[in-house]
Amino acid sequence: MHAIALRIRPTSALTFRVLPGSILDIATYPFVPPTTLSGWLRRLFWAQEGLLPPDQREGNTPRFYVLPRRYLPLGAYPVGEWRVHRTHRHGPRAFTHSEFSRLRREGKPPKGGDLQLHTWEYLLAEEFLGAVLAEKEEDLRRLQGLVGYGAKLGKEGFAYLEAVGEPLEVRLEEGDAPFTPVRAEAWGGAIQGAYPLYRFRFGEAEDPDPASPDPSPVMGYEGAYFVLPRGRGLAKGFSLEGRFFAWDLVEFLWARASGGSSS
């Protein structure tokens, strides 16, 4: 197994909505979730090819556009100072009103829609450190060509890929200061918070190339509760760019038994 580090630079405040949650109280993860990072990197491949984002729906059926299963994004986490800013803003009353989150618009300007007041959280950070794992080093090297490209990241905000490291062989060890979430039932130390994390449930079809406009064979999500540690406590994992990534997250996300194949 190999790992590669990603340096992500946001250009605005970000929101990564915690689900399940209230439509009136939009809470954010204090990091880029693994599933969000997967979709964002897929958009960077399109940007590299000069492609516009494809339609996110076919009728009432949502389409998923994520990295092939040979890649394992672990999410991205703030380095340096960060905080969550909580405020109020207007947003859509109905889920069918999608103007706030559309990637592109065509035709006449959208109408205002039926709005209501929300409590809304924004994550403020200068930089994120992310990681992607893969069995083959050459798969990770494709990510190095995405440096300098950017796209919408999460429910609110934009970021670009500032730098990508060299692929490194993963060496498991014990560390005492995990940088990433760990399984809630396995951690006995202090925490910053508890969060549901998700992995994709894939169908039987093959994965498209990440630069392809074809949707991924994702059937849905599977979730589990994780905690973000505060302070020290022993965990199994690996080091990357001076940070310790917990193996709990890798074991949960690396779900090849979910079915299908990777092209």
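Residues numbered from 1 in each chain as written. Predicted model: local features only at pLDDT ≥ 70, side-chain atom pairs only at ≥ 80, totals over all residues. Heavy atoms only, no water.

Looking at an unreviewed UniProt entry, the protein carries the name CRISPR-associated protein Cas5, with the source organism given as Thermus thermophilus.

Visitor: Explain the overall build of the protein residue by residue, including any values.
Guide: When helices and strands are tallied, the protein shows three helices and 17 strands. Per-residue burial over the protein gives 48% buried out of 263 residues. For the protein, contacts bridging at least 24 residues in sequence account for 82% of all contacts bridging at least 6. Surface accessibility of the protein: about 13,100 Å² in total, with carbon and sulfur atoms responsible for 49%. (Helix = DSSP H or I, 4+ residues; strand = E, 2+ residues; numbered from the N terminus. Buried < 20%, exposed > 50% of the residue type's maximum accessible area, 1.4 Å probe, protein only. Contact = heavy atoms within 4.5 Å. Areas by Shrake-Rupley, 256 points an atom, 1.4 Å probe, with all protein chains shown as cover.)

Visitor: Would you mind going over helix α1 (residues 34-49) in detail, with residue names and values included?
Guide: The end-to-end C-alpha distance of α1 is 23 Å, a good match for the 22 Å that 16 residues give at a rise of 1.5 Å each. Following α1 by one or two positions, G50 adopts a phi angle in the positive range, close to 75°. (Expected span 1.5 Å × (residues − 1).)

Visitor: Tell me what's going on with the pattern of salt bridges, and back it up with residues and numbers.
Guide: Within the structure shown, the criterion is met by 16 salt bridges. D25 serves as the salt-bridge partner of R86, at 3.0 Å between the closest nitrogen and oxygen. Of the two residues, R86 sits in strand β6 (residues 82-92) while D25 sits in strand β2 (residues 25-26), which places them 61 residues apart along the sequence. Its relative accessible area of 45% is what places R86 among the partly exposed residues. On the basis of relative accessibility, which here comes to 31%, the residue D25 falls in the partly exposed class. Between E121 and R86 there is a salt bridge, and its shortest N-O distance comes to 2.8 Å. Here the residue E121 occupies a position in strand β7 (residues 115-125), and R86 occupies one in strand β6, the gap between them amounting to 35 residues. Three or more residues are tied together by salt bridges with common partners; here these are R7, E127 and E241. (Salt bridge = Lys/Arg side-chain N within 4 Å of Asp/Glu carboxyl O.)

Visitor: Account for the sheet that holds strand β16 (residues 235-240), naming residues and giving values.
Guide: Within a sheet, each strand pairs with its neighbour through backbone hydrogen bonds, oriented either parallel or antiparallel. Sheet architecture is open: three strands sit in the order β12-β16-β17, paired in antiparallel fashion. Unpaired on one side and paired on the other, β12 (173-175) and β17 (243-246) mark the two borders of the sheet. Taking each pair of neighbouring strands and ignoring which way they run, the sheet shows an average axis angle of 65°. Pairing of β16 with β17 involves four bridges; the strand directions are antiparallel. In the sheet register, F238 faces β17, and the bridge partner there is F245. (Pairing = 2+ DSSP bridges. Axes fitted to C-alpha atoms, helices over the stretch in contact; angles between N-to-C directions.)

Visitor: For the nonpolar core, give the residues involved together with the corresponding values.
Guide: With 55 residues, the main nonpolar core has L6, I8, W40, L74 and F238 as its most contacted residues. With six residues, the top contributor of residues to this core is strand β8 (residues 128-134). Within the second largest apolar cluster, six residues are counted, among which are W187, V227, A235 and F244. (Core = buried A, V, L, I, M, F, W, Y, C linked by side-chain atoms within 4.5 Å.)

Visitor: I'd love a proper account of the packing of aromatic side chains, names of residues and values included.
Guide: Evaluation of the coordinates by the stated rule reveals 15 aromatic pairs. When the ring of F200 is compared with that of Y221, the centres are 5.5 Å apart and the planes differ by 35°; the resulting orientation is tilted. Linking F200 in strand β14 (residues 191-202) with Y221 in strand β15 (residues 218-229), this pair joins segments that are 21 residues apart in sequence. Judged by relative accessible area, F200 falls into the buried class, the value being 11%. Members of the aromatic cluster, joined through ring pairs, are Y29, F31, Y77, F179, Y195, F238, F245 and W247. The ring of W120 carries the charged tip of R89 above its face, separated from the ring centre by 3.8 Å. (Phe/Tyr/Trp six-rings, centres within 6.5 Å; stacked < 30°, edge-to-face > 60°. Lys NZ or Arg CZ within 6 Å of the ring centre and 35° of its normal.)

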